[in-house]
Amino acid sequence: MALLQFKKKTEAAPQATPQHVVDFLQGYSIEVMPRTATKIEDFRDLLPADTRVYIAHIEGTPIDDMVATAKRLADDGYPVMPHFPARIIKDKAMLADWIARYQGEAGVDQALLLAGGVAKPHGDFDSSMQLLESGLFDKAGFKRLHVAGHPEGNKDIDPSGGDHNVMEALRWKQKFSETTDAEMALATQFCFDAKPVIAWADALRDAGIDIPVHIGVAGPAKLQTMIKFAIACGVGPSLKVLQKRAKDVTKLLLPFEPTDFINELAAHKAANPAFNIKRVHFFPLGGIKTNANWAIEHGGSSAVPASKSQEGI
């Protein structure tokens with residue numbers, strides 16, 4: 001009995017999640033692929049009701065698999081946001097067919113439009129702007145359209161570095177957002193360092209771009225996995241955070257979690273309510289279950305308080 005009492009006294013109590021982190025995680029979204037979704041027996045055991053679930057469309061994935069995944073998630077009650085990568089869509093007829101199938105079979109009314117990671121377009125489309133200009137999403141009555149954001153630049157858009165072309169594209173999207181009934185947001189690539197993200201978001205505001213930002217966050221994963229994805233996805237300066245971690249052999253085998261990154265952004269948001277980052281979007285690099293459990297443990301919920309229901313959802 002004495003030994004048991006001693007253990008109880010010395011065991012550290014779980015550290016409570018700061019309220020600003022809980023607030024920041026409200027309304028988070030998560031990304032899946034058809035092949036990763038098949039590994040989940042029941043999403044309702046992992047994701048709160050009304051969690052927005054993006055479905056990534058990787059080159060070579062059959063549209064049948066994409067639509068089936070969308071239908072499964074929609075039937076479980078989740079708002080579904082499939083990717084529409086411009087460079088793998090051959091023409092307007094294919095785009096119209098995809099939209100019709102998503103709507104007819106899964107009731108989808110929102111989409112993430114992006115250029116896609118293909119170097120050479122498969123057909124008529126090269127950018128998300130061309131998809132927007134097609135008018136097909138407006139005609140179909142899509143309620144929400146997200147486009148990509150790049151806090152650390154994008155070598156595909158600005159091969160020589162800098163952000164000139166990226167900013168020109170964002171100014172175009174800002175004007176488009178002012179002429180459409182669909183709600184828009186910038187869903188960004190994942191990053192690891194909060195400081196350049198904060199500077200980027202502030203620069204957007206100063207440039208007159210007020211499209212709400214949904215910041216990409218890499219979910220918990222092995223450090224080696226995180227570095228591999230970061231390099232493949234062209235993560236910029238904040239890759240140094242991972243490289244520094246890799247030099248510490250005591251942490252090399254431990255999972256890398258987004259705790260510090262989210263905490264710093266959340267604290268900044270709490271101190272600066274007008275900060276344009278409104279939501280967190282998770283990339284579950286270490287697995288959907290791992291990411292979902294981490295979010296739950298840190299107070300994350302997809303439910304948005306009524307007082308904040310109009311704040312960039």
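Undergrad: How would you summarise the overall build of the protein chain if you had to cite specific residues and measurements?
TA: When its secondary structure is counted, the protein chain shows 13 helices and 10 strands. Considering the protein chain as a whole, with its 313 residues, one finds that 48% of them fall into the buried category. As presented, the protein chain carries roughly 15,600 Å² of accessible surface, and 53% of it is formed by carbon and sulfur atoms.

Undergrad: Break down the nonpolar core for me, with residues and values.
TA: Phe-84, Phe-137, Leu-265 and Phe-282 are the most contacted members of the largest nonpolar core, which totals 72 residues. If you tally residues by element for this core, the top one is helix α9 (residues 194-206), at 6 residues. Contact partners of Phe-282, with chain neighbours within four places excluded, come to Leu-25, Tyr-28, Ser-29, Ile-30, Glu-31, Val-217, Ile-262, Asn-291, Trp-294 and Ala-295. Counting 9 residues, the second-largest nonpolar core is a separate cluster that includes Phe-190, Ala-218, Leu-223 and Phe-256.

Undergrad: Describe the confidence of the model for the protein chain, and please don't skip the residues or the numbers.
TA: This prediction gives the protein chain a mean pLDDT of 86; 79% of its residues lie at or above 70. Taken as a whole, residues 1-14 scores under 50 in pLDDT and shows 0 contacts with residues more than four places along the chain or in a different chain.

Undergrad: Break down helix α12 (residues 259-271) for me, with residues and values.
TA: Its 13 residues place the ends of α12 18 Å apart at the C-alpha level, agreeing with the 18 Å of an ideal helix rising 1.5 Å per residue. Restricting attention to buried positions, one finds in α12 the residues Phe-261, Ile-262, Leu-265, Ala-266 and Lys-269. Looking straight down α12, one finds its buried side chains confined to an arc of 120°; they lie on one side. Turned more than 90 degrees off the buried face of α12, the exposed positions are Asp-260, Ala-270 and Ala-271.

Undergrad: Report on the environment of Gly-104, specifying residues and quantitative values.
TA: Looking at the element boundaries, Gly-104 is found in helix α5 (residues 92-106). Taking the relative accessible area as the measure of exposure, Gly-104 reaches 65% and is therefore exposed.

Undergrad: Can you lay out the environment of Lys-143 for me, pointing to particular residues and giving the numbers?
TA: Here Lys-143 shows up in the loop between α7 (136-139) and β5 (144-149). Among the residues examined, Lys-143 registers a relative accessible area of 57% and is labelled exposed. Along the sequence, Lys-143 and Thr-180 sit 37 residues apart, while their C-alpha atoms lie 9.7 Å from each other. Ignoring anything within four residues of it in the chain, the contact list for Lys-143 reads Asp-109, Ala-182 and Glu-183.

Undergrad: Describe in detail the packing of aromatic side chains, supporting the description with residues and values.
TA: Considering all chains together, one arrives at 10 aromatic pairs under this definition. Centre to centre, the rings of Phe-190 and Phe-192 are 5.7 Å apart; their planes meet at 70°, and the pair counts as edge-to-face. For Phe-190, a relative accessible area of 2% puts it in the buried group. Through successive ring pairs, a cluster of aromatic residues spans Phe-84, Trp-98, Tyr-102, Phe-137 and Phe-142.

Undergrad: Can you explain the sheet that holds strand β4 (residues 110-114)? Please cite residues and give values.
TA: Taken together, 8 strands build a closed barrel; the order of strands is β1-β2-β3-β4-β5-β6-β7-β10 and the barrel is parallel. Averaged over all adjacent pairs, the angle separating strand axes in this sheet is 30°, with direction ignored. Pairing between β4 and β5: 4 bridges, direction parallel. Pairing of Ala-111 across the sheet is with Leu-145, part of β5. On the sheet, α9 packs against β5, β6 (183-191), β7 (213-218) and β10 (277-283) and is oriented at approximately 155° with respect to β6.

Undergrad: Outline the side chain of Gln-26, supporting the account with residue identities and numerical values.
TA: Tracing the backbone through its elements, the reader meets Gln-26 in the loop between α2 (19-25) and β1 (29-32). A distance of 3.1 Å separates a polar side-chain atom of Gln-26 from the backbone oxygen of Gly-299.

Undergrad: Give me the packing of α9 against α12: which residues, what numbers.
TA: Look at α9 against α12: their axes get within 9 Å of each other, and the N-to-C directions meet at 35°. For the pair α9 and α12, the crossing hand works out as right-handed. Along its contact with α9, which presents Ala-194, Lys-195, Val-197, Ile-198 and Asp-202, the element α12 presents Phe-261, Glu-264, Leu-265 and His-268. The residue makeup of the contact of α9 with α12, split by class, is 5 nonpolar, 1 polar and 3 charged.

Undergrad: Outline the pattern of salt bridges, listing residues and values.
TA: Under the counting rule described, the total for this entry stands at 12 salt bridges. For the salt bridge of Arg-205 with Asp-206, the shortest nitrogen-to-oxygen distance reads 3.5 Å. Looking at Arg-205, the relative accessible area reads 45%, which means it is partly exposed. The exposure class of Asp-206 is exposed, given its relative accessible area of 62%. When salt bridges with common partners are traced through the structure, they connect Asp-42, Arg-44 and Asp-76 into a single cluster.

Undergrad: An account of the pairing of β4 is needed here, citing residue identities and associated values.
TA: The buried fraction of β4 amounts to 5 of the 5 residues, a majority that puts the element mostly inside the structure. The alternating pattern of β4 places Gln-110, Leu-112 and Leu-114 and Ala-111 and Leu-113 on opposite faces, both of which are buried. By the bridge criterion, 3 bridges tie strand β3 (residues 80-85) to β4 in an arrangement that is parallel. Paired with Pro-85 across the two strands is Leu-114, which belongs to β4. Considered for its hand, the β-α-β crossover made up of β3, α5 and β4 is right-handed.

About the thresholds
- Residues numbered from 1 in each chain as written.
- Predicted model: local features only at pLDDT ≥ 70, side-chain atom pairs only at ≥ 80, totals over all residues.
- Heavy atoms only, no water.
- Helix = DSSP H or I, 4+ residues; strand = E, 2+ residues; numbered from the N terminus.
- Buried < 20%, exposed > 50% of the residue type's maximum accessible area, 1.4 Å probe, protein only.
- Areas by Shrake-Rupley, 256 points an atom, 1.4 Å probe, with all protein chains shown as cover.
- Core = buried A, V, L, I, M, F, W, Y, C linked by side-chain atoms within 4.5 Å.
- Contact = heavy atoms within 4.5 Å.
- pLDDT = per-residue confidence, 0-100.
- Expected span 1.5 Å × (residues − 1).
- Arc of directions from axis to C-beta.
- Phe/Tyr/Trp six-rings, centres within 6.5 Å; stacked < 30°, edge-to-face > 60°.
- Pairing = 2+ DSSP bridges.
- Axes fitted to C-alpha atoms, helices over the stretch in contact; angles between N-to-C directions.
- Polar contact = N/O pair within 3.5 Å; in protein donor to acceptor, adjacent residues only side chain to side chain.
- Left-handed = near helix turned anticlockwise from the far one by under 90°.
- Nonpolar A, V, L, I, M, F, W, Y, C, P; charged D, E, K, R; others polar.
- Salt bridge = Lys/Arg side-chain N within 4 Å of Asp/Glu carboxyl O.
- Right-handed = clockwise from strand over helix to strand, strands pointing away.

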